[in-house]
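# Descriptive analysis of the structure
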Amino acid sequence: ILLVDGEPGAGGRESEVFYLKNALLPVPRPEVEQYYNKVTTITSQELDTAKLDQYDAVFLANVTDFTESTLTAFADYLKKGGGLVFFPGDNVNVSQYNNTLAKKLQFPPATLGEPLGDAGRDDQFVLLQDKNFEHPIAKLWNDPTAGTLNVHFYKYFDLLPAGSEKDGPDTTKTPEGVEVGRPR
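Attention here is on the structure that accompanies the text. What you see is a predicted model; the values in this text were computed from it and never measured.

With that settled, the discussion passes to the sheet that holds strand β3 (residues 57–61). What the four strands build is an open sheet, ordered β2-β1-β3-β4; its pairing is parallel. At either end of the open sheet lies a strand with only one pairing partner, and these are β2 (40–43) and β4 (83–87). Taking each pair of neighbouring strands and ignoring which way they run, the sheet shows an average axis angle of 20 degrees. Sheet analysis places β3 next to β4, joined by five bridges and oriented parallel. Within β4, the residue paired with L60 across the bridge is F86.

By the burial criterion, the buried members of helix α3 (residues 94–104) are Q96, Y97, N98, T100, L101 and A102. Where the residues of α3 are buried, they touch α2 (68–79), β4 and β5 (110–117). The positive-phi residue at the C-terminal boundary of α3 is Q106, with phi of around 55 degrees.

This paragraph deals with the pairing of β3. Where burial is concerned, most of β3 is hidden: five out of the five residues are buried. Along β3, one buried face is formed by A57, F59 and A61 and the opposite face, lined by V58 and L60, is buried too. Relative to β3, strand β1 (residues 2–5) runs parallel, the two sharing four bridges. Paired with D5 across the bridge in β3 is A61. Chirality of the crossover, the property in question, places the unit of β3, α2 and β4 among those that are right-handed.

Quick notes on the rules
Residues numbered from 1 in each chain as written. Predicted model: local features only at pLDDT ≥ 70, side-chain atom pairs only at ≥ 80, totals over all residues. Heavy atoms only, no water. Pairing = 2+ DSSP bridges. Helix = DSSP H or I, 4+ residues; strand = E, 2+ residues; numbered from the N terminus. Axes fitted to C-alpha atoms, helices over the stretch in contact; angles between N-to-C directions. Buried < 20%, exposed > 50% of the residue type's maximum accessible area, 1.4 Å probe, protein only. Contact = heavy atoms within 4.5 Å. Right-handed = clockwise from strand over helix to strand, strands pointing away.

Any functional reading would require information beyond the geometric quantities listed.
The structure is reproduced here in structure tokens:
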């Protein structure tokens with residue numbers, strides 16, 4: 001698994017991939033080498049020279065934008081069955097994500113809408129799902145003895161499925177049920 005840190009900060013908890021890396025490697029440090037997940041972390045500046053074929057999945061955490069050579073490498077990687085996971089943040093170039101990644105290259109099946117929520121307020125958050133998991137990778141959390149998958153999202157982007165700008169109404173509902181206008 002390759003983690004691309006779009007804003008390493010001073011490292012540690014300030015890194016964009018700190019919590020993700022710990023979720024993917026939930027073992028004490030001395031056991032990391034023997035654990036079945038093999039995780040490599042690089043900065044976004046190193047992405048152009050990364051050899052993606054050696055990874056099953058690439059997680060892009062708050063990466064601002066991508067060069068043409070990286071976009072070509074992504075296309076080749078996806079054709080070979082690799083997986084890209086986007087975690088956008090305040091640094092992302094929304095225009096490139098929407099126009100290049102989503103509309104032109106059709107990597108993600110949706111464009112980024114307006115950011116919602118407030119990362120500075122820890123009393124308001126959204127959960128993706130907290131029960132009735134059906135996908136094999138998440139079914140283990142249907143068993144209460146396995147712990148929980150309570151990931152809190154304090155700020156997030158509204159996702160607009162491909163074609164929704166012309167096919168749907170001009171508003172969409174956030175997880176709180178509040179309607180927001182779609183950018184055109």
